[in-house]
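# Remarks on the overall topology
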Amino acid sequence: NKLNNKELLLCLLTLQPPLRTSFYYSAKIIRQEKDNNKEDNYILLNYRHKKAYYIVNSDKVSNSKEYSNYKNSKIQIHNKELVKALLNKYKENPSIYIFGDTKKTNISILRWLEDITKIKGLNIDNMRSIYITWFYNKKITHEEKRKLALSMRHSILTLSLIHISEPTRR
């Protein structure tokens, strides 16, 4: 119920399809969809319905045809334990950003990931590849691959290439 920032980062990267590094150090917390300025990244916390969403307005694919519409920018967090942890964390200790009232750096995020996993050199891209490999090992359908690609904000082709090119590294 009470996660520190390192534990929260690990949960965000393993209990939900992980996004790119920039999301984690830039995302702000909002409680109403109307607070979305269409420029910043957010985690939308809906206490009334006990739901949470990523809203990705700014990443390397934001201007692509697939991801330039709002529909593909809002990603529901489906893991109930992660939603509960997020709701509890920000109810007890409201903050501007995911990890506090100041924006963290890429270096801080990567250091936390190394600290919590004890794996030197581990980064968010590795975690994304690991998640894809784990997901593909479940023998999923094409539709499930499409949904995973949308939730990670890249193409099915990219997912397949990552899975095919690095199947034994994990």
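Residues numbered from 1 in each chain as written. Predicted model: local features only at pLDDT ≥ 70, side-chain atom pairs only at ≥ 80, totals over all residues. Heavy atoms only, no water.

A separate point is the sheet that holds strand β2 (residues 42–46). If you trace the four strands from one edge of the open sheet to the other, you get β1-β2-β3-β4, paired in mixed fashion. The open sheet is flanked by β1 (28–30) and β4 (74–76), the only strands paired with a single partner. Mean inter-strand twist for the sheet, computed between neighbouring axes without regard to direction, equals 25°. When strand β3 (residues 51–55) meets β4, the two strands line up antiparallel, connected through three bridges. Across the sheet, residue tyrosine 54 finds its bridge partner in β4, namely isoleucine 75. (Pairing = 2+ DSSP bridges. Helix = DSSP H or I, 4+ residues; strand = E, 2+ residues; numbered from the N terminus. Axes fitted to C-alpha atoms, helices over the stretch in contact; angles between N-to-C directions.)

The next thing to look at is the nonpolar core. Judged by nonpolar contacts, the single largest core of 30 residues is most densely connected at Leu12, Phe23, Tyr24, Tyr54, Leu86, Ile98 and Phe99. If you list the elements that add at least two residues to this core, you get α1 (5–14), α2 (21–26), β2, β3, α3 (80–92), α4 (106–117) and α5 (124–136). If sequence neighbours within four positions are ignored, isoleucine 98 has contacts with Leu8, Leu12, Phe23, Tyr24, Ala27, Ile29, Ile43, Lys89 and Tyr90. (Core = buried A, V, L, I, M, F, W, Y, C linked by side-chain atoms within 4.5 Å. Buried < 20%, exposed > 50% of the residue type's maximum accessible area, 1.4 Å probe, protein only. Contact = heavy atoms within 4.5 Å.)

Counted at 1.5 Å a residue, the expected span for α4 with its 12 residues is 16 Å, and the 17 Å between its end C-alpha atoms agrees. Once α4 finishes, lysine 118 follows within two positions and takes phi at roughly 65°, a positive value. (Expected span 1.5 Å × (residues − 1).)

A few words on the pattern of salt bridges. Should their charged atoms come close, side chains of opposite charge can pair. Overall, the coordinates contain four salt bridges when judged by the stated rule. Lysine 74 serves as the salt-bridge partner of glutamate 33, at 3.0 Å between the closest nitrogen and oxygen. You can see glutamate 33 sitting in the loop between β1 and β2 and its partner lysine 74 sitting in strand β4, a full 41 residues away along the chain. Of the residues examined, lysine 74 reaches a relative accessible area of 25% and is grouped as partly exposed. The salt bridge partner of glutamate 143 is arginine 146, with a shortest N-O separation of 2.7 Å. (Salt bridge = Lys/Arg side-chain N within 4 Å of Asp/Glu carboxyl O.)

This part takes up the pairing of β2. Burial within β2 is extensive, with four of its five residues counted as buried. Bridging between β1 and β2 involves three bridges; their strand directions are parallel. Directly across from lysine 28, in β2, lies its bridge partner tyrosine 42. With five bridges connecting them, β2 and β3 associate as antiparallel partners. Bridge pairing in β3 links tyrosine 42 to isoleucine 55. Taking the residues between adjacent antiparallel strands as the criterion, β2 and β3 are bridged by four residues, where lysine 50 takes a positive phi near 55°.

Confidence in the prediction for the protein averages 86 pLDDT; 84% of positions are at 70 or higher. Per-element confidence in the protein ranges from a low mean pLDDT of 57 for helix α7 (residues 156–165) to a high of 97 for β2. (pLDDT = per-residue confidence, 0-100.)

Within the span of helix α6 (residues 142–152), buried status applies to Leu148, Ala149, Ser151 and Met152. Across the axial projection of α6, the buried residues extend over an arc of 165°, all falling on one side. Residues His142 and Lys147 are exposed on α6 and point more than 90 degrees away from its buried face. (Arc of directions from axis to C-beta.)

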